[in-house]
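Structural overview
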Amino acid sequence: MNPPEPFSVAILAGGRARRFGSDKNRAPIKGKPMIQHVYESVQKMSDDIFVVTKPNLADHYEFLNLRIFCEPEAVYAPLFGLIQALKQAKHMWTLILASDMPAIQPDIFSFLAGVRTNLTRAVIPKTDHIQPLAGFYSKDCITDLELRSKKGDFKLNNLISLDGFKIIKIMPQFYDSFANINTTEEYQLFVQEAESCR
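Residues numbered from 1 in each chain as written. Predicted model: local features only at pLDDT ≥ 70, side-chain atom pairs only at ≥ 80, totals over all residues. Heavy atoms only, no water.

So, about the overall build of the protein. Within the protein one finds five helices and nine strands. Seen along its three principal axes, the alpha-carbon backbone of the protein occupies a region of about 45 × 40 × 30 Å. Within the protein, the fraction of its 198 residues that count as buried is 52%. In the protein, of all internal contacts separated by at least 6 residues, the share reaching a separation of at least 24 is 71%. (Helix = DSSP H or I, 4+ residues; strand = E, 2+ residues; numbered from the N terminus. Buried < 20%, exposed > 50% of the residue type's maximum accessible area, 1.4 Å probe, protein only. Contact = heavy atoms within 4.5 Å.)

In structure tokens:
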């Protein structure tokens, strides 16, 4: 059996965090910034891991010692971070991860990596809803993604209609890997649960 095709990992950290009220990616969990938990959970999976963010936030993540690329300043839509990630990735395939998913279980993404085929352009997990910011995308997607951005169609959930986009249903025991922290209440609850597991 041939070894699985290598892939890059892009951590998207360009959101405004309006509901959180501050840069949630640097909010501490067990003494480490949230985004560092995301990075450390996948750091053994790829030789090409980098961050995509807004120009005004780039220096916030220098402590990770990763390559940092900037998406357009004017528009806040993860589609632009996705496009930039695929353009900058060293490998044909890239695992796209939101920066606010600190409970990632690497095994589920190893499984998703194995689902890729020559006939797929993206592998997107589905829990109780589609998870486009936790999936694998090929550089073959770039043209279609740019076309959608020019048309003003920024909704990532609409991507599932594209040819070669494969949706994979995730078993409930892995749902925590895809949980986002969007509010201070969710953050406080997560920290309490993390501390209780020590």
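Let's shift gears to the layout of surface pockets. What the second largest pocket holds in volume is close to 270 Å³. Every residue lining the second largest pocket is counted, 13 residues in all, and those nearest its centre are Ala-103, Asp-176, Ala-179, Phe-190 and Glu-193. For the lining of the second largest pocket, the class distribution of residues is eight nonpolar, one polar and four charged. (1 Å grid on protein atoms, 1.4 Å probe; cavity = no way out; pocket = protein on both sides within 12 Å on 5 of 7 lines; lining within 4 Å. Points joined across faces, edges and corners; volume = space filled by probe spheres on them. Nonpolar A, V, L, I, M, F, W, Y, C, P; charged D, E, K, R; others polar.)

Attention now moves to the packing of helix α2 (residues 78-88) against helix α4 (residues 142-151). Packing of α2 against α4 brings their axes to within 10 Å, and their N-to-C directions diverge by 150°. Between α2 and α4, the angle falls in the class roughly antiparallel. Where α2 crosses over α4, the two elements pack in a sense that is left-handed. Contacts between α2 and α4 involve Leu-79, Phe-80, Leu-82, Ile-83, Leu-86 and Lys-87 from the first element and Ile-142, Leu-145, Glu-146 and Ser-149 from the second. (Axes fitted to C-alpha atoms, helices over the stretch in contact; angles between N-to-C directions. Parallel < 35°, antiparallel > 145°, perpendicular 65-115°, else oblique. Left-handed = near helix turned anticlockwise from the far one by under 90°.)

With that settled, consider the sheet that holds strand β6 (residues 93-98). Reading across from one edge, β5-β4-β1-β6-β8-β7-β9 is the order of the seven strands in this open sheet, with mixed pairing throughout. Both outer strands of the open sheet, β5 (67-70) and β9 (165-169), are each paired with one neighbouring strand and no more. The sheet shows a mean angle of 30° between the axes of neighbouring strands, taken without regard to direction. In this sheet, strand β8 (residues 136-138) lies alongside strand β7 (residues 122-126) in antiparallel orientation, the contact comprising two bridges. For Val-123, the partnering residue across the bridge sits in β8 and is Phe-136. (Pairing = 2+ DSSP bridges.)

Let's shift gears to the pairing of strand β4 (residues 49-53). Most of β4 is tucked away: five of the five residues are buried. Across four bridges, the pairing between strand β1 (residues 7-12) and β4 is parallel. Within β4, the position partnered with Ala-10 by the bridge is Phe-50.

On to the pattern of salt bridges. Opposite charge on two side chains lets them pair, provided their charged atoms get close. For the structure shown, the criterion picks out seven salt bridges. With its nearest N and O atoms 2.8 Å apart, the salt bridge here joins Glu-40 to Lys-32. Judged by its relative accessible area of 31%, Lys-32 falls in the partly exposed class. The residue Glu-146 makes a salt bridge to Lys-87 at a minimum N-O spacing of 2.5 Å. Of the two residues, Glu-146 is situated in helix α4 and Lys-87 in helix α2; the sequence distance between them amounts to 59 residues. (Salt bridge = Lys/Arg side-chain N within 4 Å of Asp/Glu carboxyl O.)

Time to look at the nonpolar core. Ranked by size, the top nonpolar core spans 32 residues in total, and within it Phe-7, Leu-97, Met-101, Phe-109 and Phe-136 carry the most contacts. For this core, the elements supplying multiple residues, two or more each, are β1, α1 (34-42), β4, β6 and α3 (106-115). Counting residues per element, this core draws most heavily on α3, at five residues. Formed by 23 residues, the second largest nonpolar core is a distinct cluster that contains Phe-69, Leu-145, Leu-159 and Phe-165. (Core = buried A, V, L, I, M, F, W, Y, C linked by side-chain atoms within 4.5 Å.)

Looking now at α1. Since the α-helix advances by 3.6 residues per turn, residues separated by three or four positions end up pointing in the same direction. Within α1, eight of the nine residues are buried, leaving the element largely enclosed by the surrounding structure. What α1 keeps buried is the set Met-34, Ile-35, Gln-36, His-37, Val-38, Tyr-39, Ser-41 and Val-42.

Moving on, we get to the pairing of β7. Counting buried residues in β7 gives four out of five residues, a clear majority hidden from the surface. Bridge analysis of β7 against β9 gives five bridges, and the strand direction is parallel. Note on β9: the bridge partner recorded for Lys-126 is Lys-169.

Honestly, that's just the spatial picture; any functional story needs more than this.
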